[in-house]
Amino acid sequence: MSSTGNGGGGERRAGSAGSAAARARLRRAARPAAPQPPAGRRRGGTVEAPAAARPDQPAPTLAVAEPGVRAGLRSRPGLPFPGGPADAPGGRGAPGEGSLLNMLKVAIAILDTAGRVVLWSPAAEELLGWPNELLVGRRIDELIPDREQVARIRAAIQDTLRHGRWAGHAELRDRDGAPVAVDARISLLVDGDGTPFLQVNMAEAAAVRAVERDLAVRDALFEQSPLGIAIMDTDLRYTAVNQTLAEMNGITLDDHVGRTTGETLPERTADEITAIQRQVLATGEPVIDVTLASPVTTRAGYRSISYSRMTDRSGRVLGISGTVMDVTERYRAVAKVEHARRRLSLLNEFGSRVGDLLDASRIAQELAGSVVPRLSDHSAVILLQAVAHGDDLPRHGHDRRTSLLQLGTASVQDGPEVEVMLRRGARITFAEDSVCGRVLRTGVPELLSGAEQLDDVTYPGDPKTQAARDLGVHSMLVVPLRARGIVIGLLLVSRAGYREGFDRDDLAFTVELADRAGSSLDNARLYARERTAALTLQRTLLPQQVPQPTGVEVAYRYVPGSSGTEVGGDWFDVIPLPGDRTALVVGDVMGHGLRAAATMGRLRTAVRVLAALDLPPDVLLRHVHELADDLAQGPDEALLATCVYAVFDPATARLTVAKAGHIPPVLVVPGEDVAEPTHNGGPLPGGAGRILDLPSGAPLGVGGVPFESVELKIPEGSLLALCTDGLVESRDKDLDVGLGRLITVLQEPYASIQAACEAVLDTMEQGREPDDVALLLARLGHGQAGTPTAGWTLPAEPTAVSRARRLVRATLVEWGVEELTDTAELLVSELVTNAVRYASAPIGVRLTLGETLLVEISDPLPDPPRERHAAEADEGGRGLELVHLLALHWGARAEGIGKVVWFEQALPGSEPDGS
């Protein structure tokens, strides 16, 4: 390389030797560790010099530390150079491949005062493409073909020699001739011999701008961010925090740096946050948006914290970064929405729980239980007695004489104080000027806070007030329960202990809940009133006194439907018939309510009237069916009812049964091991049960299927069970299952027939339909022990009349009732004469001495006798008229293919019943 200096060759060689020595010293002292430079770039076998920077470019100052020392100062022995054993690659603090210096490569060149290159670093070789061996010893001007830029560089060198430093930027040309914009710093260096040198630090301008931009963004985000930002090292100590976080924590910036979270925040909150920080540092898994209560008591609220682990480009863990955001408003908005959702859920849940309830006491208890503990700690539902009992609402205002019952209670705890304050079923009294009195009169809810207001709830000195004070009650809502504009009760809810007191939102919600409950309670009241009326009507129409006929012991039960069902049309009846016979009836009118009960009463009356005619069971059911249109509930509603009708004759031990679409009867026959049948009032021995196989028959009002009677011979002491379908039907089981259960129960021995009735009801299917139940049990015997009877069969001849007279006289004398002989002979002769006149088959005569003398004359003719009034000139036609005048009772009934005409006479000394 040629020199442009003015000295001779010796001088040049001396200068070169001196420069070489200086260059060697500088290489040893200042060569940085850098990657190997790329191979030199050439064009056409020549080395291209870089173009000079334009003098019109501004010279910005780089925000980097300036190496070197001031002019005129000699360097002192420094600290150990970085890169020793402690900073070796792989050790703690070793720069990684992703270090910032790798991104922002700083090229170093050493020039002498004449501008010749003394040292050209590998970073400079990589930046401009010029190899070290081509540049050392040459003037830097040769890289800058632009003369203006050369002049500016020379001026910069002179300025550095005068002031010790220079900063600016330039545009150089790389070996390929492409422009490279650089930021440059020139510093004056002096070696140990006092020889001055110029150190030039260059970095690519684009990389410098990128770093400046990133730093500016970092500063803007860090200092101007509305989020609190913290940087922590691997010991979880703050290395940097922004002003926002410092204000959040109420601690200055300096008080954060070097401290841990546990040293800056309250202990309870710090422990929770520190656990999260350690987890993030250990696992590298970020934690995002964890909501915690604010640790600063002066700024109550909520914070969202997020942490992530920081690593450099080589993967070395540097610490963690965190952001803190005040989410108090968001949390409260979400909490308010969730609060409203829970309130709506409570309303819906309460509505679903009481929607199908028609019992005021159960609704009151559901209301009290629904608000504890979600709304309150204690609750009480107080209702007017009229609501609880299904009476009409009062038309006058409420005063201290208004009868109130506490029907619903709930509490989060138990104890004697709770029992005093919330005793279910207690009668509530209050002063007219008390809170309860005001709310009952005005219907305006009240919110009470503090002991003074709570003392005024009912009346001074109320033990419930002292109990509430002992429980720590501090806030209470007294809300009216309204229906049809009338206050029908009160809902009292209270909070105790450390729980926050009620506010206006709580009051508004409780009023909404109470209004819904008031509608349900009023519906329950109306239902209870209608059900009470229907029950009253039904019980009035059912038998008030059930007779105990001869040879039959009866037990019965009637169970109304559950509170979820209206009263039905089930009924039963026991009807005494002539000749000590008994009719047993059980029926069921389809439908519920008052109209079903009224129809049941009309149907029962029709059956009793037709039973008085002593008709066979199938004939009676046919006549009732023919009356269906008249017995129906209305012209547009047909009668639909089922019925079973049975007639038992203890004298013959025969049971005649017919049914119209009803549940079949069950018969339990005593076992063979029973020594002798028990009498009425005695225990039931049990036995073998079975369902009576009867023609089904169509329900009354349907028609199309004829009714048929079945006659059975009944062993003495047998138990007959008649019931309605409510006893044996269930939602998920067949009818046969219920009947089988009934048979199983009745086959067991019992102390009495009444105990058997209770046992049947106790074993009713729990899942059965909530319908009415009518149950009729009858123990069938063969009449009272020792009852005198006598009977004969006579031919249908004229001599039968005189023979019947003699047999009757002899029998009555034998029984000791001679006083009845004359009348009995006369009436028997009249009836036998009629039978002989019209019948051609044998005639039967039977006498029974019980509470009256019963005389029965049977013949095979089905036509009943007709009573007529004979004229004075008529020779006959007065037989039945005599029977009517002289007998206590008389009548006729069908039996088999014929009939039986009977009459009764009062025994001597007995008073006739006048019927």
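Every chain's residues receive numbers from 1 upward, in the order its sequence appears when written. With the structure being a predicted model, the display of local features is reserved for residues of pLDDT at least 70 and the display and counting of side-chain atom pairs for 80 or more, all residues being used for whole-chain, interface and lining totals. Hydrogens are left out, water is left out, and the side-chain values use all remaining heavy atoms of the structure.

**What to know about the overall build of the protein chain**
Broken down by element type, the protein chain carries 25 helices and 31 strands. The long-range fraction of contacts in the protein chain, counting pairs at least 24 apart against all pairs at least 6 apart in sequence, stands at 65%. When the accessible surface of the protein chain is summed, it comes to about 45500 Å², and 52% of that surface belongs to carbon and sulfur atoms. Secondary structure follows DSSP: runs of H or I at least 4 residues long count as helices, runs of E at least 2 residues long count as strands, and numbering of each begins at the N terminus. By definition, residues are in contact when any of their heavy atoms lie within 4.5 Å. Values of accessible area rely on a 1.4 Å probe in the Shrake-Rupley scheme; residue burial ignores everything except the protein chains shown.

**Looking at helix H10 (residues 328-354)**
What sets the pattern is the α-helix's 3.6 residues per turn: residues three or four places apart point alike. In a helix, the anticipated span is given by 1.5 Å times the number of residues less one. Taking 1.5 Å of rise per residue, the 27 residues of H10 would be expected to cover 39 Å, and the 38 Å separating its terminal C-alpha atoms lies within 8% of that figure. Here the term buried applies to any residue with accessible area under 20% of the maximum for its type, exposed to any over 50%, and partly exposed to those in between, with areas from a 1.4 Å probe on protein chains only. Among the residues of H10, Thr328, Arg343, Leu346, Leu347, Phe350 and Val354 are the ones counted as buried.

**A short note on unusual backbone geometry**
In this structure, the amide linkage connecting Val372 to the following residue, Pro373, adopts the cis form with an omega of 5 degrees. Along the chain, Pro373 falls in the loop between helix H11 (360-370) and strand E11 (378-384). A positive phi angle, close to 55 degrees, is found at Arg484, a residue other than glycine. Along the polypeptide, Arg484 turns up in the loop between strand E15 (473-483) and strand E16 (486-496). Exposure remark for Arg484: the relative accessible area of 59% places this residue in the exposed category. One non-glycine residue with positive phi stands out, namely Asp614, at about 60 degrees. By secondary structure assignment, the location of Asp614 is in the loop between helix H18 (594-612) and helix H19 (617-626).

**Concerning the sheet that holds strand E27 (residues 789-794)**
Note on pairing: DSSP must find at least two bridges between two strands before they are called paired. Taken in spatial order, the 5 strands make up an open sheet running E27-E28-E29-E31-E30, and their pairing is antiparallel. Both edges of this open sheet fall to E27 and strand E30 (889-895), since each of them pairs with a single strand only. For this sheet, the mean inter-axis angle between neighbouring strands, taken without regard to orientation, is 15 degrees. Examined bridge by bridge, strand E28 (residues 843-849) and strand E29 (residues 852-859) share 6 bridges and lie antiparallel to one another. Among the inter-strand pairings, Arg846 is bridged to a residue of E29, identified as Glu856. For helices, the fitted axis covers only the stretch in contact; all axes are lines through C-alpha atoms, and the angles between them, taken along N-to-C directions, range from 0 to 180 degrees.

**A short note on the nonpolar core**
Definition used in this section: a nonpolar core is a set of buried Ala, Val, Leu, Ile, Met, Phe, Trp, Tyr and Cys residues joined via side-chain atoms within 4.5 Å. Grouped together as the largest cluster of nonpolar side chains are 62 residues, with contacts concentrated most on Leu383 and Leu481. Here this core takes 8 residues from helix H17 (residues 504-541), the largest share from any one element. The contact partners of Leu383, leaving out residues within four places of it in the chain, are Ala360, Ala364, Ser403, Leu404, Leu405, Leu407, Leu481, Ile488, Gly489 and Leu521. If you look at the next biggest cluster of nonpolar residues, it comprises 54 residues, including Ile575, Val585, Leu610 and Leu712.

**Thoughts on the packing of helix H24 (residues 821-838) against helix H25 (residues 879-886)**
Relative to each other, H24 and H25 sit at 145 degrees, their axes nearing to 9 Å. Seen from above, H24 lies across H25 with left-handed handedness. Together, Thr823, Leu826, Leu827, Glu830, Leu831 and Asn834 of H24 and Gly879, Leu880, Leu882, Val883 and Leu886 of H25 make up the contact between the two elements. Partitioned by chemical class, the residues of the contact of H24 with H25 number 7 nonpolar, 3 polar and 1 charged. Left-handed describes a crossing whose near helix is turned anticlockwise from the far helix through less than a right angle; right-handed describes the clockwise counterpart. Three categories are distinguished: nonpolar for Ala, Val, Leu, Ile, Met, Phe, Trp, Tyr, Cys and Pro, charged for Asp, Glu, Lys and Arg, and polar for the others, with Gly belonging to the last.

**Let's talk about helix H22 (residues 753-762)**
Looking at H22, one finds that the buried residues are Ile753, Ala756, Cys757, Ala759, Val760 and Leu761. Looking at the packing, one finds that the buried side of H22 touches strand E17 (552-559), strand E25 (718-723), helix H21 (735-746) and strand E26 (773-780).

**Quick word on the pairing of E15**
Taken across its 11 residues, E15 has 9 buried, putting it largely inside the fold. As paired strands, strand E14 (residues 446-449) and E15 are joined by 4 bridges and run antiparallel to one another. Its bridge partner lying in E15, Leu447 is registered against Leu477. Hairpin connection from E15 to E16: 2 residues lie between these consecutive antiparallel strands, with Arg484 at a positive phi of about 55 degrees.

**Regarding a nonpolar patch on the surface**
On the surface, Met590, Leu640 and Val702 cluster together to form a nonpolar patch covering roughly 240 Å² of accessible area. If you trace the backbone, Leu640 turns up in the loop between helix H20 (628-631) and strand E20 (641-649). Patch membership requires more than 30% relative accessible area and the absence of a salt bridge. Residues of like charge join within 9 Å; the nonpolar side chains Val, Leu, Ile, Met, Phe, Trp and Tyr join within 5 Å. We define a salt bridge as a contact between a side-chain nitrogen of Lys or Arg and a carboxyl oxygen of Asp or Glu at a distance within 4 Å.

**Brief notes about the environment of Arg484**
Linking Arg484 and Ser519, residues 35 residues apart in sequence, is a C-alpha distance of 8.4 Å. Residues within four places of Arg484 in sequence aside, it is in contact with Asp522, Arg525 and Leu526. Only 2.7 Å separates the side chain of Arg484 from the side chain of Asp522, close enough to count as a polar contact. Here a polar contact means two N or O atoms within 3.5 Å. Within protein one must be a hydrogen donor candidate and the other an acceptor candidate, and residues neighboring in sequence count only if both atoms are side-chain atoms.

**A closer look at the packing of H10 against H11**
Where H10 contacts H11, the axes come no closer than 10 Å and their chain directions differ by 160 degrees. One way to sum up the angle between H10 and H11 is to call them roughly antiparallel. The handedness of the crossing between H10 and H11 is right-handed. Residues Leu346, Phe350, Arg353 and Val354 of H10 lie in contact with H11, whose contacting residues are Ile363, Glu366, Leu367 and Ser370. Among the residues forming the contact of H10 with H11, the class breakdown is 5 nonpolar, 1 polar and 2 charged. The scheme is simple: roughly parallel for angles under 35 degrees, roughly antiparallel for over 145, roughly perpendicular for 65 to 115, oblique for anything else.

**So, the environment of Ser370**
Tracing the backbone through its elements, the reader meets Ser370 in helix H11. Separated by 143 residues in sequence, Ser370 and Leu513 place their C-alpha atoms 9.9 Å apart. What Ser370 contacts, discounting residues up to four positions off in sequence, is Leu346, Phe350, Arg353 and Leu513.

**Thoughts on the packing of aromatic side chains**
What counts as a ring pair is set by centres within 6.5 Å for rings of Phe, Tyr and Trp (its six-membered ring), and what kind of pair is set by the plane angle: stacked under 30 degrees, edge-to-face over 60, tilted for all other angles. One pass over the structure, following the stated rule, counts 2 aromatic pairs. Here, a charge over a ring means that NZ of Lys or CZ of Arg falls within 6 Å of the ring centre while also lying within 35 degrees of the ring normal. Against the face of Phe509 rests Arg343, its NZ or CZ located 4.6 Å from the ring centre.

**Let's talk about the sheet that holds strand E23 (residues 688-691)**
Pairing is antiparallel in the open sheet, where 5 strands are placed in the order E17-E26-E25-E22-E23. Two strands in the sheet have a free side with no partner beyond their single neighbour: E17 and E23. Averaged over all adjacent pairs, the angle separating strand axes in this sheet is 15 degrees, with direction ignored. Note: strand E22 (residues 666-669) against E23, 4 bridges, orientation antiparallel. Following the sheet pairing, Leu667 is matched in E23 by Arg690.

**Here we look at the pairing of strand E3 (residues 165-173)**
Pairing of E3 with strand E4 (residues 179-190), which is carried by 9 bridges, proceeds in the antiparallel orientation. In the strand pairing of E4, Ala167 is matched with Arg185. Connecting E3 to the antiparallel partner E4 that follows it, the hairpin turn spans 5 residues, and Gly177 within it adopts a positive phi of roughly 90 degrees.

**Examining the confidence of the model for the protein chain**
Low pLDDT marks regions whose predicted coordinates should not be analysed in detail. Per residue, pLDDT measures the predictor's confidence, with a range of 0 to 100. This prediction gives the protein chain a mean pLDDT of 80; 83% of its residues lie at or above 70. A low-confidence stretch, residues 1-96 stays under pLDDT 50, and its non-local contacts, those more than four residues away or across chains, total 154 contacts.

**Considering the environment of Val117**
Within the secondary structure layout, Val117 lies in strand E2 (residues 117-120). With 21 residues separating them along the chain, Val117 and Arg138 place their C-alpha atoms 5.6 Å apart.

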